[in-house]
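Given next are the chains, with one letter for each unit.
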Amino acid sequence: MSVFKVNLICSVLFVVFGAALAFLGNGDKFRRKVSVELNPGLSPPSSLPPGVALVHARGLGPNDTLHFLLCNLGAPALLLVHTNSTESAVQVNWPVFINRSSSGSLKVAPESSVTYSSALVFTRIWEYDDVNNTADPQTTAESSFYSPYELQNFIWAELNATVSQSDHVITLCGREKAESFLNGSLCLKLSVFESAGRDGAWPSLLHNSNSSQLHVWLDGVTPRGNHSRFLLEFQAVGDSGFQGRVDVRSSIDDEYTPSIFKVFDWVSLPLNSSSVWGFSQWKPVAYRKPEPLFEDATPCRSSPLVSVSRIPQSALVQAFFTLEAQTRGLNISFGVDKDPVFYSDTNYISWTVLMGMGEPPADSFSTLIIIIIAVGLGTPLAIIIVGGVFVCVRKRMTRSSIYEPIN
């Protein structure tokens with residue numbers, strides 16, 4: 001009996017850990033060779049303003065290429081271009097690009113190889129005095145808003161010291177001329193990935209080799225009100241043949257982002273089609289410290305998606321897209337109703353968004369959850385089986401011990 005029990009328990013544990021190992025080995029094995037360059041093809045006498053740069057991250061696949069371009073001339077923007085060629089290259093007409101005089105000054109050649117392109121542009125930071133503590137800018141009186149910070153007017157720090165070739169990470173930090181930014185800054189950190197994985201820092205978004213990540217934070221800015229909260233305005237620019245929508249997905253697993261059970265996907269898809277070609281993805285959470293603890297997390301909310309009549313004031317977008325491009329925008333606001341913590345309590349807020357090509361990454365159950373579910377289901381089953389076998393054996397032993405006289 002004891003041997004049988006041991007064998008059964010071992011079998012259950014084998015199934016549990018076998019499922020866990022199978023899950024661990026099921027990752028996305030597709031890889032890209034990533035390289036990063038600053039200001040491709042720029043040479044004297046052409047020169048960019050101080051602190052301004054065009055960063056090109058190239059992700060080479062077996063049969064295609066992803067081009068990520070980040071630029072802070074005008075409103076900071078991240079442009080994604082996918083080609084079906086391994087020989088595609090970025091071409092910049094620098095005098096025209098710097099003067100922002102016409103579209104077409106930045107191309108990915110051959111142009112016939114381009115299958116998809118889109119851009120994410122950060123246009124404004126809004127600040128409002130949340131006197132009613134609703135953390136809802138949609139219902140806040142217009143008189144509670146201060147004049148916005150126009151990111152196209154920011155002054156940027158030099159970029160050369162903040163480019164990591166080994167980790168494919170680029171950091172842009174800038175500030176307004178206003179007194180409130182005297183000791184403050186807005187920073188954007190771009191990470192480009194060779195393969196699938198997960199960022200170690202919260203919100204630990206799952207990424208793949210077709211995506212990049214922007215971590216955005218506001219640090220040290222002097223608030224203009226006693227109950228100041230902020231919201232970030234950004235816009236997506238794409239070809240006219242595409243439409244956009246925001247999908248919300250839920251999960252019961254919050255191992256990687258504690259207390260957050262939703263993810264937002266702003267997807268781009270062709271008209272009259274359900275096939276997703278590109279996406280921006282985020283979780284509805286922001287953090288009040290650079291190295292946050294659980295209590296430093298705060299929910300964030302997004303406004304409804306709206307159409308914008310013209311493309312934003314970004315040199316990168318104006319150089320690549322034509323006037324027929326479609327622009328849509330939304331705001332991300334930070335805080336929750338009745339939250340006693342305002343920006344002035346920490347003078348810091350951060351938020352993270354993923355941008356990529358194809359279907360957005362989807363979290364499956366983590367290894368821990370799989371083991372918990374397997375053990376939770378397996379243990380009662382094992383008890384039932386062991387109990388049933390024990391009862392059957394006990395009955396057989398009882399019957400065999402009863403003396404039956406010979407007639």
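The structure reproduced in this document is the subject of the present report. (Residues numbered from 1 in each chain as written. Predicted model: local features only at pLDDT ≥ 70, side-chain atom pairs only at ≥ 80, totals over all residues. Heavy atoms only, no water.)

Some thoughts on the overall build of the protein chain
Thinking step 1. Counting its regular elements, the protein chain contains five helices and 24 strands.
Thinking step 2. Split into buried and exposed, the 407 residues of the protein chain put 47% on the buried side.
Thinking step 3. Counting only carbon and sulfur atoms, one obtains 57% of the accessible surface of the protein chain, whose full area is about 20200 Å². (Helix = DSSP H or I, 4+ residues; strand = E, 2+ residues; numbered from the N terminus. Buried < 20%, exposed > 50% of the residue type's maximum accessible area, 1.4 Å probe, protein only. Areas by Shrake-Rupley, 256 points an atom, 1.4 Å probe, with all protein chains shown as cover.)

Re the packing of aromatic side chains
Thinking step 1. The full count for this structure, using the stated rule, is 18 aromatic pairs.
Thinking step 2. Cluster of aromatic residues (ring-pair linked, three or more members): Phe 122, Phe 234, Phe 264, Trp 266, Trp 282 and Trp 351.
Thinking step 3. Cation over ring: Arg 198 sits above Tyr 256, and NZ or CZ is 3.6 Å from the ring centre. (Phe/Tyr/Trp six-rings, centres within 6.5 Å; stacked < 30°, edge-to-face > 60°. Lys NZ or Arg CZ within 6 Å of the ring centre and 35° of its normal.)

A closer look at the environment of Pro 290
Thinking step 1. Relative to the assigned elements, Pro 290 resides in the loop between strand E20 (285-287) and strand E21 (297-302).
Thinking step 2. With 73 residues separating them along the chain, Pro 290 and Trp 217 place their C-alpha atoms 8.7 Å apart.

Focus on the pattern of salt bridges
Thinking step 1. In total, this model carries 13 salt bridges according to the counting rule given.
Thinking step 2. Arg 124 is the salt-bridge partner of Glu 233, the closest N and O atoms lying 2.8 Å from each other. Placement of the pair is Glu 233 in strand E16 (residues 228-238) and Arg 124 in strand E7 (residues 114-129), with a sequence separation of 109 residues.
Thinking step 3. On the basis of relative accessible area, Glu 233 is assigned to the buried category, the value being 10%.
Thinking step 4. You can call Arg 124 partly exposed: its relative accessible area is 26%.
Thinking step 5. Of the charged contacts, one joins Arg 224 and Glu 127 as a salt bridge, the two residues approaching to 2.8 Å between their closest N and O atoms. Of this pair, Arg 224 sits in the loop between strand E15 (211-219) and E16 while Glu 127 is found in strand E7, placing the two residues 97 residues apart along the sequence.
Thinking step 6. Exposure remark for Arg 224: the relative accessible area of 29% places this residue in the partly exposed category.
Thinking step 7. Three or more residues are tied together by salt bridges with common partners; here these are Arg 124, Glu 150 and Glu 233. (Salt bridge = Lys/Arg side-chain N within 4 Å of Asp/Glu carboxyl O.)

Considering the side chain of Ser 118
Thinking step 1. Along the chain, the position of Ser 118 falls in strand E7.
Thinking step 2. A polar contact is formed between the side chain of Ser 118 and the side chain of Tyr 116, at a distance of 3.3 Å. (Polar contact = N/O pair within 3.5 Å; in protein donor to acceptor, adjacent residues only side chain to side chain.)

A short note on unusual backbone geometry
Across the chain, the bulk of peptide bonds are trans and the bulk of non-glycine residues have phi less than zero.
Thinking step 1. Of note, the bond from Pro 44 into Pro 45 is cis; its omega dihedral lies within 30 degrees of zero at 10°.
Thinking step 2. For the bond from Trp 202 to Pro 203, the omega torsion is 10°, close enough to zero to count as cis.
Thinking step 3. Position of Pro 203 relative to the elements: it lies in the loop between strand E13 (197-198) and strand E14 (206-207).
Thinking step 4. Phi angles above zero are rare outside glycine, and Arg 100 is one such case at about 55°.
Thinking step 5. Looking at where Arg 100 falls in the secondary structure, it is placed in the loop between helix H2 (94-99) and strand E6 (106-109).

Observations regarding the nonpolar core
Thinking step 1. One finds Phe 122, Leu 218, Phe 234, Trp 282, Phe 334 and Trp 351 to be the most contacted residues of the largest nonpolar core, which totals 49 residues.
Thinking step 2. Broken down by element, this core gets its largest block of residues, five residues, from strand E24 (residues 348-357).
Thinking step 3. Setting aside residues up to four positions removed in sequence, Trp 282 forms contacts with Phe 234, Val 263, Phe 264, Trp 266, Ser 302, Leu 330, Ile 332, Trp 351, Thr 352 and Val 353. (Core = buried A, V, L, I, M, F, W, Y, C linked by side-chain atoms within 4.5 Å. Contact = heavy atoms within 4.5 Å.)

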